[in-house]
Amino acid sequence: MSDSVIAPKATSGQPQASRISEAVIRIAGNSQDGIQAIGGFLARLAGRSEQEVMTFMTIPSTISGGPSIFQVRIGSGEVLSPGDEADVLLAFYQHSYDEHVTSLKKGGIVLYDSDHVEPNPEREPNYRHLGIPISSRTVEAIGGTGKDKGKNIFALGLVAKMFDLNIPKLEKLVTERFTGKDQSITQNALNAFHAGYSFQLDSAWATFHFIEGQKQGSTQVVMNGNEALGFGLIAAGVRFGAGYPITPWSDIMELLRRELPKYGGSFIQCEDEIASISMALGASYAGRVAVTGSSGPGISLKTEALGWGIMAEMPLIIVDVQRGGPSTGMPTNVEQSDLNIACFGGHGDSPRVVVAPSNVEDCFYTAIEAVNIARKYSVPVIILSDQAIATRIEAFEQPDFEKVVQDISPDFSPVAEHKPYDLSAPDGVTRHLAPGTRIASGKYPVVTGLEHDELGHPTGSPKLHQDMTEKRRKKLQALGAELPVPKVFGPPEGQILLVGWGSTQGPIKEAVERARAAGEAMSSLHLKYINPLPQDLEKIFAGFRHVFVVEMNDGGLYGHGQLAMVLRGRYADPKIRGINKTDGLNWKVREVLEKARALAAGLDAGKA
Amino acid sequence: MSTTLFQIAPRIPDLNIAPIPEGERKGLTKKEIAADHPTWCPGCGDFSVLALYFKLIEKRKIHHEKVTTIAGIGCSSRFPYFVQAHGAHFIHGRALPFASGVSLSRPDLHVFAFSGDGDAFSIGGNHFSHTARKNIKMTLVVMDNWVYGLTKKQTSPTSPIGFKSKTDQWGAKDRPINPMKQAISAGATFVARTTHTNPNHVLQMMEAAMDHDGFSFVECLSECIEFYEGSFDASNPRKGGKFELVPETHDVTDEFAAYKLASEDFPGKFGIFYKDNRPTKNAGEAQIVADMRAKTQGMKDWQILQKSFERMR
Ligand SMILES: Cc1ncc(C[n+]2csc(CCOP(=O)(O)OP(=O)(O)O)c2C)c(N)n1
Ligand code: SF4
Ligand SMILES: [Mg+2]
């Protein structure tokens, strides 16, 4: 599946469409050229054709645009990662060509705009070069004014031709994209598309045809992780949120701001992240489990109020779309370096729940689950997403809406008496009553950040502090006991177990597939529940000689990344070791494999 | 595809309480409103603010469950513990955004926030400005004692120049803020000033504030007997000072006149300085919801979501 699918063909006069099961297409240009749009069309088309798709993109951190890429991997089988190397590169400028030509597989095709790109003679033997005057042909097709706007669609036409894509479906996608705009804009786009599609090919062109996808019958939806997470929160029944803009979290708040009023809800932009979490806690207290979120520095700002949420035992959802840190760090790059702050950030003993979605579809369902955990255990839940999963587009099966959409509106039925911090409650789980609820005993609760008695009134009692601290911890132990034990991918015994969490599931699984295809005894385990951990992981670890925790964070002072430290602390097992990197980029399958092999080889040699 | 791992736990057992018809409910007595005995020092000005809050609840026949008392951290901010009603004791400086979350999601409640001068104007200064300009419906009473009480006598943002505190042993040097000016310029739509030594006036201001549809701010001078004794004597006729009301000729809708009034030297005037009927954030959000709901009328939540997903196929 991961072999080079587009091997150069000896040109035998007649171009023949070869049947392929997958392809990786990288589009490189400037962000203002609508690169994301072409990628989006391709991803959406794949979704509508029951194919699997995964994308990744880089966005320049400057607002005025700049070099940008969009990579899309389309497959008829399971697609786990956006692909290490590309089969086809579409290069709009010289810098796009220079920068990205080596990202192609050997023998891959580079399709370049000959109006802007001068190919490098040294590279020519390694890749198939096809120059097309994309800019001037677009001008010819739709006139000079459309030049910058239309060439992405012209290029889409070229790709459609090359991969024998479904033209009516693409036309429909293009038309849908421009609905609501001036009719002439749609017409221009279609003209550019057809000009690209009908560009006269010479016989050197290879064309390809995707084998039919396997997911027949199901309806696919195509979106990125931020969208899936935002809609998941809505499905979960969240109707109030508050936030402050920061990349890459902003998309979620913008989505919620736009969508929530349709459901009678509201999302408020606050003056800062402290106000945001405070406002969300206020709404949760008032009976509407609320969401706040941020990235990087904004998460740091929220920690004091998070501690209040833990002390007061208030359900709350905090989304952390991780980016490179510390401080302003690398705003548009990926990193998994917030695990520590998510699990431990803040003063005092402050147990909270941390969950991490592993793909775009999982973002949707994790959001629902997070809300239900928050409510059931009356506790703040942090959803650890990251820049990679937030911005990449995947297709997944449309949810069963009627089944998953929840109503969690507050219940104000009167009660006889009420003790929010009842120490005798099963598993120590607190139940809050929202203001508006009558309590017949006339004794009303205060929710508080001070250590308190069962009614929420302050106490200096050493015993109560001990008991309440225990209560806040015990309920998460109860949750841990209830969590499903994750399944090992691959056989339950072997040489190497790769442990991952969050967005890296795809490349880790693919690495395992490649290793097993090469006869190596490698498996992987993916953790979604980070805090508390599910039970029985030690039994899984026992089946392997090495346990390598693959993370996009620093190996730290003692040589282990953030999750590795937690697992070592939890299981006191010295065979747990870290495989780490902080280059701000997704794991490539090859990187994971090479590092795992090298680490194991070194250890085995040392032992021998 | 899997749905969710956890089913929602039933919230509370059915306790079968016979509902009391609204008409038959009597107003609360002081005894029913009072909770913990206040932990303030005897003689602290905060006692009278609390007593008058009870009076207000009594007078206006507000029931336990209809009022929510919210505070940050400070001596004054211990307030919610002393009130027998739903309440929240939040973190230092952030009572306003917390209260905003309550106000914006629960139009049925009276939301009161109580704060100290440090809580409201130092650590919470940013929130003060933004809650005011957004005009989020609630009442904020700042019990201004010109000092940090709870942390035992450090300089506060309202401490006058020359005040000797533990952090300004030679006397405070920084220009104090003027809460009235701060509120007016931030865009608060109800700005009033009172003092704990005049109970009737405190009640009057709190009541007018509660009836205001928007962010209503009352600065109540409240003496810290422990760390700043005598601070407000000049405003107390019993101590030889003078208590003067805002002149009847003052136009409360005139922002500049209000600002001028706020510029007077201590003890200045007491009463409503400024009032404006600008629409609230609450009303603005409700309008957005109404407009959007008109488009999704008759649809269940899952159908609305389904419709959104149709565009993502
Ligand atoms: C983040 C944070 N910083 C500092 C404190 C310590 N602290 C508690 S109350 C307070 C100042 C209280 O002064 P004020 O708001 O004027 O209230 P008062 O006690 O005078 O009524 C401070 C600094 C805290 N609780 N939290
Ligand atoms: S220290 Fe001052 S403000 Fe605090 S309770 Fe005592 S008198 Fe009141
Ligand atoms: Mg004070």
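This one's a predicted model, so the numbers in the text were calculated from it and none came from an experiment.

### Some points on the overall build of chain A
For step 1, the next point in the chain: Within chain A, the regular secondary structure consists of 19 helices and 23 strands.
For step 2, the next point in the chain: Computed over the C-alpha atoms, the radius of gyration of chain A is 26 Å, within 12% of the 25 Å expected from 2.2 N^0.38 for a compact globule of 608 residues.
For step 3, the next point in the chain: Overall size of chain A, expressed as C-alpha extent along the three principal axes, is 90 × 70 × 45 Å.
For step 4, the next point in the chain: Each of the 608 residues in chain A was classed as buried or not, and the buried ones make up 62%.

### Details of the coordination of the magnesium ion (ligand 3)
All names here are of chain B.
For step 1, the next point in the chain: Around the magnesium ion (ligand 3), the protein supplies D117 (OD), N145 (OD1) and V147 (O) as donor atoms, at distances of 2.1 Å.
For step 2, the next point in the chain: Sequence positions of the residues that donate to the magnesium ion (ligand 3) give the spacing D-x27-N-x1-V.
For step 3, the next point in the chain: The class for V147 is buried, based on a relative accessible area of 2%.

### Points about the side chain of Q84(B)
For step 1, the next point in the chain: With respect to the helices and strands, Q84(B) occurs in the loop between β1 (67–71) and β2 (87–89).
For step 2, the next point in the chain: Among the polar contacts made by the side chain of Q84(B), one reaches the main-chain amide nitrogen of Y444(A) at a distance of 2.6 Å.
For step 3, the next point in the chain: Other than its neighbours up to four places away in sequence, Q84(B) contacts G442(A), K443(A), Y444(A), E32(B), I33(B), A34(B), A35(B) and H64(B).

### Examining the site of ligand 1
For step 1, the next point in the chain: Around ligand 1, 17 residues are found, and the nearest of them are C75(B), S76(B), D117(B), G118(B) and D119(B).
For step 2, the next point in the chain: More than a single chain frames ligand 1: its nearby residues are located in chains A and B.
For step 3, the next point in the chain: D117(B) is positioned such that a nitrogen or oxygen atom in its side chain is 2.9 Å from an oxygen atom of ligand 1.
For step 4, the next point in the chain: Between ligand 1 and L150(B) there is a distance of 2.9 Å, counted from an oxygen atom to a backbone nitrogen or oxygen.
For step 5, the next point in the chain: The fraction of the free accessible surface of ligand 1 (590 Å²) that becomes covered by protein chains is 77%.
For step 6, the next point in the chain: Put simply, the parts of the chain that give the shell around ligand 1 at least two residues each are α4 (117–123) and β5 (147–148) of chain B.
For step 7, the next point in the chain: The element contributing the most residues to the shell around ligand 1 is α4(B), with four residues.
For step 8, the next point in the chain: Of the residues assigned to the shell around ligand 1, the class counts are six nonpolar, eight polar and three charged.

### What to know about the domain arrangement of chain A
All names here are of chain A.
For step 1, the next point in the chain: Annotation of chain A at the domain level lists domain 1 (17–218), domain 2 (222–404), domain 3 (413–482) and domain 4 (488–604).
For step 2, the next point in the chain: Each partner contributes to the interface: domain 1 provides seven residues, whereas domain 4 provides ten residues.
For step 3, the next point in the chain: The contact between domain 1 and domain 4 buries some 720 Å² in all, and 45% of this surface belongs to carbon and sulfur atoms.
For step 4, the next point in the chain: Counting the contacts that link domain 1 with domain 4 gives two salt bridges.
For step 5, the next point in the chain: Between E85 and R590 there is a salt bridge, and its shortest N-O distance comes to 3.0 Å.
For step 6, the next point in the chain: Applying the counting rule to domain 1 against domain 4 returns five residue pairs in polar contact (both at pLDDT 80 or more).

### Concerning the interface of chain B and chain A
Note on interface size: it is often stated as the accessible area lost on association of the parts.
For step 1, the next point in the chain: Contact with chain B, which involves 62 residues of that partner, is made by 92 residues of chain A.
For step 2, the next point in the chain: Counting the surface lost from both chain B and chain A, the interface buries some 6,900 Å², and carbon and sulfur atoms represent 64% of this.
For step 3, the next point in the chain: At the surface where chain B touches chain A, the tally comes to two salt bridges.
For step 4, the next point in the chain: Across the pair R239(A) and D301(B) runs a salt bridge, and its minimum N-O distance is 2.9 Å.
For step 5, the next point in the chain: Counting the contacts that link chain B with chain A gives 26 residue pairs in polar contact (both at pLDDT 80 or more).
For step 6, the next point in the chain: Taken together, the elements giving at least two residues each to the side of chain B that touches chain A come down to β2, α3 (95–105), α5 (125–134), α9 (281–295) and α10 (301–310) of chain B.
For step 7, the next point in the chain: Residue composition of the side of chain B that touches chain A, by class: 29 nonpolar, 19 polar and 14 charged.
For step 8, the next point in the chain: The pairing of strand β17 (residues 446–448) of chain A with β2(B) spans three bridges and is classified as parallel. By the bridge assignment for β2(B), T448(A) is matched with H89(B).

### Focus on the packing of aromatic side chains
For step 1, the next point in the chain: Enumeration over the complete set of coordinates arrives at 32 aromatic pairs over all chains.
For step 2, the next point in the chain: Measuring from centroid to centroid gives 6.1 Å for F128(B) and F215(B), while their planes differ by 75°, and the two rings are edge-to-face. Of the two residues, F128(B) sits in helix α5 while F215(B) sits in strand β8 (residues 215–221), which places them 87 residues apart along the sequence. The same class applies to F128(B) as to F215(B), namely buried.
For step 3, the next point in the chain: Ring pairing ties together the aromatic residues W40(B), F47(B), Y53(B), F79(B), F82(B), F112(B) and F114(B), which thus form one cluster.
For step 4, the next point in the chain: Over the ring of Y197(A) we find K161(A); its NZ or CZ atom is 4.9 Å from the centre of that ring.
For step 5, the next point in the chain: When the ring centre of F489(A) is taken as reference, the NZ or CZ atom of K509(A) above it lies at 5.0 Å.

### A closer look at the site of ligand 2
For step 1, the next point in the chain: Every residue near ligand 2 is listed here: W40(B), C41(B), C44(B), C75(B), N145(B), C224(B), I225(B), E226(B) and F227(B).
For step 2, the next point in the chain: A per-class count over the shell around ligand 2 returns seven nonpolar, one polar and one charged.

### What about the environment of L339(A)?
Residues and elements named next belong to chain A.
For step 1, the next point in the chain: Mapped onto the fold, L339 is located in helix α11 (residues 339–344).
For step 2, the next point in the chain: Counting along the chain gives 45 residues from L339 to L384, while the straight-line C-alpha distance between them is 7.7 Å.
For step 3, the next point in the chain: Residues within four places of L339 in sequence aside, it is in contact with Q322, L384, W501, I530, Q562, L563 and V566.

### Concerning the sheet that holds strand β7 (residues 190–195) of chain B
For step 1, the next point in the chain: Spatially, the nine strands line up as an open sheet ordered β17(A)-β2(B)-β1(B)-β3(B)-β4(B)-β8(B)-β7(B)-β10(B)-β9(B), and their pairing is mixed. Of all the strands in the sheet, the pair left with one neighbour each is β17 of chain A together with β9 (244–245) of chain B.
For step 2, the next point in the chain: Inspection of the sheet shows β7(B) paired to strand β10 (residues 269–275) of chain B by four bridges, in the antiparallel sense. Each residue of the ladder has a partner; that of V191(B), found in β10(B), is Y274(B).

### A short note on a nonpolar patch on the surface
For step 1, the next point in the chain: Residues L557(A), Y558(A) and M565(A) make up a contiguous nonpolar surface patch of roughly 400 Å² in combined accessible area.
For step 2, the next point in the chain: Along the polypeptide, M565(A) turns up in helix α18 (residues 562–571).

### With respect to the sheet that holds strand β23 (residues 576–580) of chain A
Residue and element names in this part refer to chain A.
For step 1, the next point in the chain: Taken together, five strands build an open sheet; the order of strands is β18-β20-β19-β22-β23 and the sheet is mixed. Taken across any chain shown, the strands that pair with only one partner, and hence form the sheet edges, are β18 (488–489) and β23.
For step 2, the next point in the chain: Examined bridge by bridge, β18 and strand β20 (residues 522–527) share two bridges and lie antiparallel to one another. Looking across to β20, one finds that V488 is bridged to L525.
For step 3, the next point in the chain: The strands that helix α19 (residues 589–607) touches are β19 (494–501), β20, β22 (544–551) and β23; relative to β22, the one it contacts most, it runs at about 140°.

### Some remarks on the environment of N553(A)
Residue and element names in this part refer to chain A.
For step 1, the next point in the chain: The residue N553 is located in the loop between β22 and α18 in this model.
For step 2, the next point in the chain: Spatially, the C-alpha atom of N553 lies 8.8 Å from that of D338, the residues being 215 residues apart in sequence.
For step 3, the next point in the chain: Ignoring anything within four residues of it in the chain, the contact list for N553 reads Q336, S337, G561, Q562, N580, K581 and T582.
For step 4, the next point in the chain: In terms of polar contacts, N553 uses its side chain to reach the side chain of E551, at 2.9 Å.

### What about the pairing of strand β15 (residues 380–386) of chain A?
All names here are of chain A.
For step 1, the next point in the chain: Taking burial as the measure, the seven residues of β15 include seven buried ones, the bulk of the element.
For step 2, the next point in the chain: Of the two faces of β15, the one lined by P380, I382, L384 and D386 and the one lined by V381, I383 and S385 are each fully buried.
For step 3, the next point in the chain: The pairing of strand β13 (residues 316–322) with β15 spans seven bridges and is classified as parallel. When the bridges of β15 are listed, I318 appears paired with I382.
For step 4, the next point in the chain: Between the parallel pair strand β14 (residues 353–355) and β15, the chain is carried across by helix α12 (residues 360–377), and the sense of this crossover is right-handed.

About the thresholds
Residues numbered from 1 in each chain as written. Chains lettered and ligands numbered in written order. Predicted model: local features only at pLDDT ≥ 70, side-chain atom pairs only at ≥ 80, totals over all residues. Heavy atoms only, no water. Helix = DSSP H or I, 4+ residues; strand = E, 2+ residues; numbered from the N terminus. Rg over C-alpha atoms; globule rule 2.2 N^0.38 Å. Buried < 20%, exposed > 50% of the residue type's maximum accessible area, 1.4 Å probe, protein only. Donors = N, O, S within 2.8 Å, 3.2 Å for Na, K, Ca; no water. Polar contact = N/O pair within 3.5 Å; in protein donor to acceptor, adjacent residues only side chain to side chain. Contact = heavy atoms within 4.5 Å. Near = heavy atom within 4 Å. Areas by Shrake-Rupley, 256 points an atom, 1.4 Å probe, with all protein chains shown as cover. Nonpolar A, V, L, I, M, F, W, Y, C, P; charged D, E, K, R; others polar. Domains from an automatic or database assignment. Buried area = accessible area lost by both parts, 1.4 Å probe. Salt bridge = Lys/Arg side-chain N within 4 Å of Asp/Glu carboxyl O. Pairing = 2+ DSSP bridges. Phe/Tyr/Trp six-rings, centres within 6.5 Å; stacked < 30°, edge-to-face > 60°. Lys NZ or Arg CZ within 6 Å of the ring centre and 35° of its normal. Patch = residues over 30% accessible without salt bridge, like charges linked within 9 Å, V, L, I, M, F, W, Y side chains within 5 Å. Axes fitted to C-alpha atoms, helices over the stretch in contact; angles between N-to-C directions. Right-handed = clockwise from strand over helix to strand, strands pointing away.

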